[in-house]
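Examination of the molecular architecture
For reference, the chains in residue letters:
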Amino acid sequence: MLDILPEPATRVWTIRAAEVEDAPRLVAYYEALANEPFNNTSVRQGYTSLEVADTQRMIAHHRDDPQSCILVAEVDEEIVGYVRCTGGSNPFNRHTADLSINVRVDFRGIGIGSALMSAALAWARAHETISRVQLTVLARNTGAIKLYERMGFEMEGRLRNAYRLPDEGDIFVDMMAMAYHC
Ligand SMILES: CC(C)(COP(=O)(O)OP(=O)(O)OC[C@H]1O[C@@H](n2cnc3c(N)ncnc32)[C@H](O)[C@@H]1OP(=O)(O)O)[C@@H](O)C(=O)NCCC(=O)NCCS
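Note that this is a predicted model, so its numbers are computed, not measured.

Let's talk about the packing of aromatic side chains
Following the criterion strictly, the structure yields five aromatic pairs and no others. Ring geometry for Tyr 30 against Tyr 82: centres 5.6 Å apart, planes inclined by 80 degrees, an arrangement best described as edge-to-face. With Tyr 30 in helix α1 (residues 23–34) and Tyr 82 in strand β3 (residues 78–87), this residue pair connects regions lying 52 residues apart in the sequence. Residue Tyr 82 is classed as buried on the basis of its relative accessible area, which comes to 2%. Centroid distance Tyr 148 to Phe 153: 5.9 Å. Interplanar angle 50 degrees. Geometry classified as tilted. Here Tyr 148 and Phe 153 have matching classes, each one buried.

Laid out in structure tokens, this is it:
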């Protein structure tokens with residue numbers, strides 16, 4: 001009887017800023033995500049760099065640029081999610097940060113995405129110069145949209161046929177533009 005009961009949700013995670021030394025583990029994370037079919041992100045085999053050196057540079061940039069940050073969620077020393085805010089680089093968009101977020105498939109739905117998003121938005125609110133955090137999301141990704149709305153993002157518009165999915169019959173799909181105002 002006992003062995004048919006679901007495993008209790010006892011997983012404990014830590015959220016912290018990524019360090020350059022995390023690069024190999026972040027690449028392993030990206031690899032799993034890139035191989036996941038229909039993952040609703042642009043992390044795909046043959047497109048996203050899975051090179052440790054590129055990932056080290058990306059982490060260093062997000063660490064050193066005061067307008068940017070990258071946070072990871074860790075469970076048992078494995079990276080199981082990340083959120084990245086990339087600040088604008090010129091006087092016209094330095095008040096904005098582009099956000100992307102992901103959680104490993106076997107850790108979704110237990111609060112890690114919400115925790116990562118809360119931490120990223122707290123980081124943005126603490127920055128006087130950042131007043132807008134923006135993202136785009138596939139219109140079909142209703143689960144993610146629900147999460148973003150719950151965290152305070154507003155829907156700004158629909159970008160028709162903005163995305164192309166070569167590994168899904170090369171269909172064109174709509175994106176939604178959303179923003180959080182600090
Ligand atoms: C979207 C995503 C980051 C949310 O992270 P998460 O850890 O699953 O989210 P949480 O557990 O904190 O919250 C779950 C909420 O997210 C939504 N959600 C979205 N995708 C989900 C999934 N695959 N499994 C469970 N919940 C999901 C649920 O609607 C839920 O909302 P509720 O709490 O109001 O019921 C994560 O599911 C993910 O990485 N999905 C695949 C990649 C992706 O879509 N990335 C975003 C691209 S813009």
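A word on the pairing of strand β4 (residues 96–103)
Where burial is concerned, most of β4 is hidden: six out of the eight residues are buried. As paired strands, β3 and β4 are joined by seven bridges and run antiparallel to one another. In the strand pairing of β4, Cys 85 is matched with Leu 99. Here three bridges tie β4 to strand β5 (residues 132–138), and the two strands are oriented parallel to one another. Bridge pairing links Asp 98 to Gln 134 in β5. Between the parallel elements β4 and β5, the chain passes through helix α3 (residues 112–125) in a crossover that is right-handed.

Considering the site of the ligand
Near the ligand there are 22 residues, and of these Val 103, Gly 111, Gly 113, Ser 114 and Asn 141 occur at the shortest range. Contact distances for the ligand include 2.6 Å between an oxygen atom and a side-chain N or O atom of Ser 114. A distance of 3.1 Å separates an oxygen atom of the ligand from a polar atom in the side chain of Arg 150. Contact with the protein chains hides 75% of the accessible area of the ligand, taken as 850 Å² for the molecule alone. Assessed atom by atom at 2 Å from the grid points, the ligand resides in the largest pocket. Every element with two or more residues in the shell around the ligand is listed here: β4, α3, β5 and α4 (142–150). Residue contributions to the shell around the ligand peak at six residues, all from α4. Of the residues that constitute the shell around the ligand, the class distribution is eight nonpolar, 11 polar and three charged.

A short note on the nonpolar core
Formed by 33 residues in total, the largest nonpolar core has its most connected members in Leu 99, Met 117, Tyr 148 and Phe 153. Excluding anything up to four places from it in sequence, Met 117 contacts Leu 99, Ile 101, Leu 135, Tyr 148, Met 151 and Phe 153. Counting residues in each nonpolar core, the second largest holds 18 residues, with Ala 23, Val 43, Ile 59 and Tyr 82 among its members.

Brief notes about the sheet that holds strand β7 (residues 171–181)
Read across the open sheet, the seven strands follow the order β1-β2-β3-β4-β5-β7-β6; overall the sheet is mixed. Pairing within the sheet leaves two strands with one partner each, and these edge strands are β1 (14–17) and β6 (154–165). The sheet shows a mean angle of 25 degrees between the axes of neighbouring strands, direction not considered. Here strand β2 (residues 69–75) pairs with β3 via seven bridges, running antiparallel. For Cys 69, the partnering residue across the bridge sits in β3 and is Cys 85. Helix-sheet contacts for α4 involve β4, β5, β6 and β7, and the interaxial angle to β5 is about 160 degrees.

Focus on α1
Its 12 residues give α1 an end-to-end C-alpha distance of 16 Å, which sits within 8% of 16 Å, the value for a rise of 1.5 Å per residue. Burial in α1 covers these residues: Ala 23, Leu 26, Val 27, Tyr 29, Tyr 30, Leu 33 and Ala 34. The buried residues of α1 all sit within an arc of 160 degrees when viewed along its axis, so they share a single face. Looking at the buried side of α1, the elements it contacts are α2 (52–64), β2, β3 and β4.

Definitions and cut-offs
Residues numbered from 1 in each chain as written. Predicted model: local features only at pLDDT ≥ 70, side-chain atom pairs only at ≥ 80, totals over all residues. Heavy atoms only, no water. Phe/Tyr/Trp six-rings, centres within 6.5 Å; stacked < 30°, edge-to-face > 60°. Helix = DSSP H or I, 4+ residues; strand = E, 2+ residues; numbered from the N terminus. Buried < 20%, exposed > 50% of the residue type's maximum accessible area, 1.4 Å probe, protein only. Pairing = 2+ DSSP bridges. Right-handed = clockwise from strand over helix to strand, strands pointing away. Near = heavy atom within 4 Å. Polar contact = N/O pair within 3.5 Å; in protein donor to acceptor, adjacent residues only side chain to side chain. Areas by Shrake-Rupley, 256 points an atom, 1.4 Å probe, with all protein chains shown as cover. 1 Å grid on protein atoms, 1.4 Å probe; cavity = no way out; pocket = protein on both sides within 12 Å on 5 of 7 lines; lining within 4 Å. Sits in = over half its atoms within 2 Å of the grid points. Nonpolar A, V, L, I, M, F, W, Y, C, P; charged D, E, K, R; others polar. Core = buried A, V, L, I, M, F, W, Y, C linked by side-chain atoms within 4.5 Å. Contact = heavy atoms within 4.5 Å. Axes fitted to C-alpha atoms, helices over the stretch in contact; angles between N-to-C directions. Expected span 1.5 Å × (residues − 1). Arc of directions from axis to C-beta.

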